[in-house]
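# Results of the structural survey
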Amino acid sequence: MQVGSLALRVAARIIAGKRKPDPREGDRRFYEKERLAFFSPPGAAFPIVWSINSVAAIAGGLHVLNLPPNSPGRKEFLRLQASAWGLFSTFSAAYFDLRSPINAALITLSYSTITFYQCWLRCEE
């Protein structure tokens with residue numbers, strides 16, 4: 001996923017007309033210039049939270065992969081999980097490289113919708 005995410009970031013920079021990759025400092029300045037809600041977590045929280053989220057998603061995916069192939073909802077859950085990882089890999093390119101909070105909001109909304117639907121599928125059984 002990281003290689004795909006990096007390729008998307010490079011493509012987004014080219015589309016946005018930036019031939020040279022911005023250093024991470026440029027991303028940080030962009031984020032800090034955004035008008036954030038008063039309840040926004042500090043930037044240092046994101047790597048911690050996303051690490052926990054990724055580990056939990058991988059553990060859940062492995063659990064579902066180990067279910068019998070004919071388990072109800074298994075294929076749909078795995079398709080949704082693949083979609084979620086695809087959205088996850090596009091976020092940095094859409095937000096930081098294209099400088100678009102609207103893209104980021106749409107990706108976040110889509111990711112959240114998929115996650116809630118996955119939970120609903122598993123709780124339904």
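Please read all numbers here as calculations on a predicted model, not as lab measurements.

Tallied over the entire structure, the rule returns six aromatic pairs. Taking the centre distance of 5.2 Å and the plane angle of 50° together, the rings of W50 and F88 count as tilted. Pair noted here: W50 is in helix α3 (residues 45-65) and F88 is in helix α4 (residues 74-97), with a separation of 38 residues, a long-range link. In this structure W50 comes out as partly exposed when scored by relative accessible area, which is 33%. Given the relative accessible area of 24%, F88 is considered partly exposed. With a centroid separation of 5.7 Å and an interplanar angle of 40°, the aromatic rings of F91 and Y95 are classed as tilted. In this pair, F91 and Y95 both sit in helix α4, four residues apart, roughly one turn of the helix. Its relative accessible area of 26% is what places F91 among the partly exposed residues. Residue classification places Y95 among the buried residues on the basis of a relative accessible area of 8%. Taken together, the ring pairs in this structure connect W50, W85, F88 and Y111 into an aromatic cluster.

Turning to a nonpolar patch on the surface, a few remarks are in order. On the surface, a nonpolar cluster with roughly 250 Å² of combined accessible area is contributed by L6, V10 and I14. With respect to the helices, strands and loops of the structure, I14 is situated in helix α1 (residues 2-15). Overall, I14 belongs to the partly exposed group, its relative accessible area being 44%.

A few words on the environment of G61. Locating G61 in the fold gives a position in helix α3. Its relative accessible area of 10% is what places G61 among the buried residues. The spacing of G61 and R74 is 13 residues in sequence and 9.9 Å in space, taken between C-alpha atoms.

To continue, consider the confidence of the model for the chain. Of all residues in the chain, 85% have pLDDT values of 70 or greater, and the mean over the chain is 81. For the chain, per-element mean pLDDT is lowest for helix α2 (residues 24-33), which scores 67, and highest for α3, which scores 88.

Scoring rules and cut-offs
- Residues numbered from 1 in each chain as written.
- Predicted model: local features only at pLDDT ≥ 70, side-chain atom pairs only at ≥ 80, totals over all residues.
- Heavy atoms only, no water.
- Phe/Tyr/Trp six-rings, centres within 6.5 Å; stacked < 30°, edge-to-face > 60°.
- Helix = DSSP H or I, 4+ residues; strand = E, 2+ residues; numbered from the N terminus.
- Buried < 20%, exposed > 50% of the residue type's maximum accessible area, 1.4 Å probe, protein only.
- Patch = residues over 30% accessible without salt bridge, like charges linked within 9 Å, V, L, I, M, F, W, Y side chains within 5 Å.
- Areas by Shrake-Rupley, 256 points an atom, 1.4 Å probe, with all protein chains shown as cover.
- Salt bridge = Lys/Arg side-chain N within 4 Å of Asp/Glu carboxyl O.
- pLDDT = per-residue confidence, 0-100.

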